[in-house]
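Each chain, written out:
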Amino acid sequence: MNVLGIETSCDETSIALVKNGKKILSNIVASQEIIHQKFGGVVPELASRAHTEIIESLFLEALRKSGVTIKEINLIAVTGSPGLKGSLLIGKVFARSLTFAYQIPLIEVNHLHAHLAANFLSGEEINFPAIGLVVSGGHTNLFYLKNRTKIKPLGETLDDAAGEVFDKVARILNLGYPGGPALEKAAEKGNPDAIKFPCAYMGKESLDFSFSGVKTSVIYYVKKYGLNNIPDIAAGFQKAIIKVLVEKVKRAIKFKKVKTVLLGGGVVSNKVLRREMKKIALAEGTYLFVPLSVLCTDNAAMVASLGYYLCQEESP
Ligand code: KG4
Ligand code: ZN
């Protein structure tokens, strides 16, 4: 079954063709980084305009690379929510036009669930139930997965998303946009124990997150001591964020008694986060799935994969 995936929820336009939920035939991603860079964040109006301008040519390129013709597409999967309203609309309208013109069935998928579905593309067997952690620029969410498609929320951020604070703190430290990779690089030269930033655990049982406090304490630190010590600030901040993410995954493993953890979202590209998650998974006797870096950030292959499994479930 050939599934066309369409992703336009934020600032990446992506079109992919995936066979049977696992095999990527093509996965084209056009980033709008350059457009939003000078504003230090995503400008919704510019994002939807850029999606409109590029989506058709990306579709044709994805088709050409995959070797699949329009008539050979069996299903279209498009990101339905959450995301920027105007940006989502571009993907949905494009998907519906194809459905209307070529009578191809259409399914809308949840963007956060799709981030976890990036792990289905490894082709490895996954033992469910599992815990899923999505950490991106817009979201920090913990999920319980009964199987690939039965997904229930366990916790979420009550204020900023993890990626969002990486971006904001990177801006405070003059490291540029997008901040996550720049901050990770700066932290490599710093001592993570030189400056202690606070970790918000929200009580012993909580699976929710709060990251605005650590951001505020970085602001206060910089006001007091200036920017002479950027690597140590970056390393201390990164450690505080990762400590909380790891602790919440550990709690979720224990509370839900699972043997599998799935990670997803742009922040999972962070090497320290990957290393610490591996350590905790090993200590808890669980199997950890981490997507390839290119499948951590927004892409349409993960959307197509989830669409395939949702469609299998609906079929008699
Ligand atoms: O999943 P994604 O592409 O977009 C959303 O759906 O939000 O994630 C982008 C986020 C940005 O906030 C970016 O700074 C962060 O992921 N990010 C990182 C790293 N690479 C990307 N954060 C920390 N360390 C990284 N290496
Ligand atoms: Zn995303």
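A quick note: this is a predicted structure, and the numbers were derived from the prediction, not measured.

**Q** Provide a residue-level description of the coordination of the zinc ion (ligand 2), including the pertinent values.
**A** At 2.1 Å from the zinc ion (ligand 2) lie its protein donor atoms, namely His 111 (NE2), His 115 (NE2) and Asp 298 (OD). Here the zinc ion (ligand 2) binds four donor atoms, and the angle range of 93 to 139 degrees at the metal identifies the geometry as irregular. Donor residues for the zinc ion (ligand 2), ordered by position in the chain, follow H-x3-H-x182-D. Pair noted here: His 115 is in helix 4 (residues 111-117) and Asp 298 is in the loop between helix 10 (293-296) and helix 11 (300-314), with a separation of 183 residues, a long-range link. No difference in accessibility class separates His 115 from Asp 298, as the two residues are buried.

**Q** Describe the sheet that holds strand 4 (residues 75-81), listing the residues and the values that go with them.
**A** Strand order in the open sheet formed by five strands is 3-2-1-4-5, with mixed pairing between adjacent strands. In the strand order of this sheet, the two ends are held by strand 3 (23-31) and strand 5 (106-110), each with one partner. The average angle at which neighbouring strand axes cross in this sheet is 20 degrees, direction not considered. Note: strand 1 (residues 2-7) against strand 2 (residues 12-19), six bridges, orientation antiparallel. If you follow Gly 5 over to strand 2, its bridge partner there is Ala 16. Sheet strands in contact with helix 2 (residues 44-66) are strand 1, strand 2 and strand 3, and its direction is about 25 degrees off that of strand 2.

**Q** Provide a residue-level description of unusual backbone geometry, including the pertinent values.
**A** The omega torsion across Ser 81 and Pro 82 is -10 degrees, close enough to zero to call that bond cis. Along the polypeptide, Pro 82 turns up in the loop between strand 4 and helix 3 (85-102). The omega torsion across Phe 128 and Pro 129 is 5 degrees, close enough to zero to call that bond cis. Among the structural elements, Pro 129 can be located in the loop between helix 4 and strand 6 (130-135). Phi angles above zero are rare outside glycine, and Asn 20 is one such case at about 50 degrees. Relative to the assigned elements, Asn 20 resides in the loop between strand 2 and strand 3. Residue Asn 20 is classed as partly exposed on the basis of its relative accessible area of 34%. Despite not being glycine, Asn 174 has its phi angle at roughly 60 degrees, a positive value. By secondary structure assignment, the location of Asn 174 is in the loop between helix 5 (162-172) and helix 6 (179-188).

Basis of the calculations
Residues numbered from 1 in each chain as written. Chains lettered and ligands numbered in written order. Predicted model: local features only at pLDDT ≥ 70, side-chain atom pairs only at ≥ 80, totals over all residues. Heavy atoms only, no water. Donors = N, O, S within 2.8 Å, 3.2 Å for Na, K, Ca; no water. Tetrahedral: all angles 85-135°; square planar, octahedral: opposite > 155°, others 65-115°. Helix = DSSP H or I, 4+ residues; strand = E, 2+ residues; numbered from the N terminus. Buried < 20%, exposed > 50% of the residue type's maximum accessible area, 1.4 Å probe, protein only. Pairing = 2+ DSSP bridges. Axes fitted to C-alpha atoms, helices over the stretch in contact; angles between N-to-C directions. Contact = heavy atoms within 4.5 Å.

Keep in mind that these numbers describe shape and distance, not what the molecule does.
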